[in-house]
Amino acid sequence: MIDLKILINCYHYSFNFNYNILNNYNNNYSNNYSNNNNNNNNNNNNNNNNNNNNNNNNNNNNNNNNNNNNNNNNNNNNNNNNNNNNNNNNNNNNNNNNNNNNNNNNNNNNNNNK
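Predicted, not measured: the structure shown is a model, and the values here were computed from it. In this convention, every chain numbers its residues from 1, walking through the sequence in written order. Where totals are concerned, whole chains, interfaces and linings use all residues; where local detail is concerned, this predicted model gives features only for residues with pLDDT of at least 70, and gives and counts side-chain atom pairs only at 80 or more. Side-chain metrics rest on all non-hydrogen atoms present in the structure, leaving aside hydrogens and water.

Tell me about the overall build of the protein chain, and please be specific about residues and values.
Strands are runs of DSSP state E lasting at least two residues, helices are runs of H or I lasting at least four, and both sets are numbered from the N terminus onward. Counting its secondary structure elements, the protein chain contains one helix and zero strands. The C-alpha extent of the protein chain, read off along each of the three principal axes, is 170 × 10 × 5 Å. Exposed residues in this analysis have more than 50% of their type's maximum accessible area, buried residues have under 20%, and partly exposed residues fall in between, with area computed by a 1.4 Å probe over protein chains only. Burial statistics for the protein chain: of 114 residues in total, 0% are counted as buried. The Shrake-Rupley method, run with a 1.4 Å probe, gives the accessible areas here. Residue values count only the displayed protein chains as cover. Total accessible area computed for the protein chain in this model is approximately 10,600 Å², and 33% of it derives from carbon and sulfur atoms.

This is the structure in structure tokens:
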């Protein structure tokens, strides 16, 4: 006949062994779940950071383009103003020359008439 103590020890050993296996499985499952969550969170954070960086780059590019356009517009306006000033100066010079010529002609006519 098998000794009762041996049976009880075997039962305890078997129970402890099974309990340890189950406990290890639960711990592994829990750790894996937690690691997956952490990895997902990290990936999401990285994606968000990348998106933010892209948005910032796009904004910077847009700002640069706007600044360039403004500078070009300012340059064009300055050039137009310079051209207008030059035209005005030329017109004034022409008018002055015409006036001088007219005066000279008048003087000549007056001298001839004397």
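Once you've had a look at it, read on.
Tell me about the environment of Asn48, residues and numbers included.
Mapped onto the fold, Asn48 is located in helix 1 (residues 4-113). The spacing of Asn48 and Asn94 is 46 residues in sequence and 68 Å in space, taken between C-alpha atoms.

So what's going on with a nonpolar patch on the surface? Residues and values would help.
On the surface, a nonpolar cluster with roughly 520 Å² of combined accessible area is contributed by Leu22, Tyr25, Tyr29 and Tyr33. Note that Tyr25 resides in helix 1. On the basis of relative accessible area, Tyr25 is assigned to the exposed category, the value being 53%. Without a salt bridge and with relative accessible area above 30%, a residue can belong to a patch; like charges are then joined within 9 Å and nonpolar side chains (Val, Leu, Ile, Met, Phe, Trp, Tyr) within 5 Å. Any carboxyl oxygen of Asp or Glu within 4 Å of a side-chain nitrogen of Lys or Arg constitutes a salt bridge here.

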